[in-house]
Amino acid sequence: AQSVTQPDIHITVSEGASLELRCNYSYGATPYLFWYVQSPGQGLQLLLKYFSGDTLVQGIKGFEAEFKRSQSSFNLRKPSVHWSDAAEYFCAVGGPRGGNKLTFGTGTQLKVEL
Amino acid sequence: DGGITQSPKYLFRKEGQNVTLSCEQNLNHDAMYWYRQDPGQGLRLIYYSQIVNDFQKGDIAEGYSVSREKKESFPLTVTSAQKNPTAFYLCASSQGLAVSTDTQYFGPGTRLTVL
């Protein structure tokens, strides 16, 4: 069965600092991987996705993620965090062999200190 | 503007009552989904539909029901059989029928509270 682990429940960074949010997955083949962001009381917005090709994926709002098959990871990065990036971030995994659904991680809450 | 609308934003229910959450999309997407979100648990799939008049159970379908009479609409009913219905409910849609690979787009959510 597919699964996703986001090891960090909460992360606090200073505005202007770099950010890395961790995502580890379990899947029996090449996965489809997604990062979503959720502002308080709102729905989820897609930041980026990976399913093949270049392992470094660029997304919206200056985010990027790198697929590392050897580490079963898909970490989200941003070189310089803005106060408006404070939100909850979800990693999700899917794929043609993983059953008919996306599996979401439990989320990482990002706090940005001014 | 194309998108997904959910109503109401907040919903209060007394124990023993059924309530229906609305989800409408004007993206002309084929598939629609309902998720439940609880703090610290991520999103869990309740039901999904890939075509009108057909839908499939997700991981936590017990106590919920859905219908898909129109392509753009996918209402969710939370029945009195759902023992712990207080949660944030998210509706999503995707253009294609590949539930586990297509990008899903989310509505703003409905927060249901049982009094």
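Residues numbered from 1 in each chain as written. Chains lettered and ligands numbered in written order. Predicted model: local features only at pLDDT ≥ 70, side-chain atom pairs only at ≥ 80, totals over all residues. Heavy atoms only, no water.

(A) A look at the interface of chain B and chain A. Between chain B and chain A, the residue contacts involve 22 residues of the former and 21 residues of the latter. Taken together, both faces of the contact between chain B and chain A bury some 1700 Å²; the carbon and sulfur share is 52%. Across the contact surface, chain B and chain A share one salt bridge. A salt bridge links Asp-59 of chain B to Lys-101 of chain A; its shortest N-O distance comes to 2.7 Å. Taken together, chain B and chain A are joined by six residue pairs in polar contact (both at pLDDT 80 or more). (Contact = heavy atoms within 4.5 Å. Buried area = accessible area lost by both parts, 1.4 Å probe. Salt bridge = Lys/Arg side-chain N within 4 Å of Asp/Glu carboxyl O. Polar contact = N/O pair within 3.5 Å; in protein donor to acceptor, adjacent residues only side chain to side chain.)

(B) Looking closely at the sheet that holds strand β8 (residues 76-78) of chain B. Residue and element names in this part refer to chain B. Strand order in the open sheet made by the four strands is β1-β3-β8-β7, with antiparallel pairing throughout. What marks the edges here is a single partner per strand, and that holds for β1 (4-7) and β7 (64-66). Strand-to-strand twist across the sheet, computed as the mean angle between neighbouring axes with direction ignored, equals 20°. (Pairing = 2+ DSSP bridges. Helix = DSSP H or I, 4+ residues; strand = E, 2+ residues; numbered from the N terminus. Axes fitted to C-alpha atoms, helices over the stretch in contact; angles between N-to-C directions.)

(C) Molecular detail of the packing of aromatic side chains. Inspection of the entire model under this criterion finds 15 aromatic pairs over all chains. Taking 5.5 Å as the distance between ring centres and 80° as the angle between the ring planes, the aromatic pair formed by Phe-104 of chain A and Tyr-35 of chain B counts as edge-to-face. Note that Phe-104 of chain A is positioned in strand β11 (residues 103-104) and Tyr-35 of chain B in strand β4 (residues 31-37), a pairing that runs across two chains. A single burial state applies to Phe-104 of chain A and to Tyr-35 of chain B, both of which are buried. Taken together, Phe-34, Tyr-36 and Phe-104 of chain A together with Tyr-33, Tyr-35, Tyr-48 and Phe-106 of chain B form an aromatic cluster joined through their ring pairs. (Phe/Tyr/Trp six-rings, centres within 6.5 Å; stacked < 30°, edge-to-face > 60°. Buried < 20%, exposed > 50% of the residue type's maximum accessible area, 1.4 Å probe, protein only.)

(D) Molecular detail of the nonpolar core. Grouped together as the largest cluster of nonpolar side chains are 27 residues, with contacts concentrated most on Leu-19, Trp-35, Leu-47, Leu-48, Phe-74, Leu-76 and Tyr-89 of chain A. Only β2 (10-14), β3 (19-21), β5 (32-38), β6 (44-50), β8 (64-68), β9 (73-78), β10 (87-94) and β12 (108-113) of chain A provide two or more residues apiece to this core. Tallying contributions element by element places β10 of chain A first for this core, with four residues. Every residue in contact with Leu-76 of chain A, bar those within four places of it in the chain, is listed here: Leu-19, Glu-20, Leu-21, Trp-35, Leu-47, Leu-48, Phe-63, Glu-64, Ala-65 and Tyr-89 of chain A. Counting residues in hydrophobic clusters, the runner-up holds 20 residues, among them Val-19, Tyr-64, Leu-76 and Tyr-89 of chain B. (Core = buried A, V, L, I, M, F, W, Y, C linked by side-chain atoms within 4.5 Å.)

(E) Representation of the confidence of the model for chain B in the model. Taken over all residues, the pLDDT of chain B has a mean of 94, while the share at 70 or more is 99%. Ranking the elements of chain B by mean pLDDT puts strand β2 (residues 10-13) of chain B last, at 94, and β7 of chain B first, at 98. (pLDDT = per-residue confidence, 0-100.)

(F) Summary view of the pattern of salt bridges. Residue and element names in this part refer to chain A. Applying the stated criterion across every chain, the model contains eight salt bridges over all chains. Residues Glu-66 and Arg-77 are paired through a salt bridge, measuring 3.2 Å at the closest nitrogen-oxygen approach. Of this pair, Glu-66 sits in strand β8 while Arg-77 sits in strand β9, and the two are 11 residues apart along the sequence. A relative accessible area of 23% means that Glu-66 is categorised as partly exposed.

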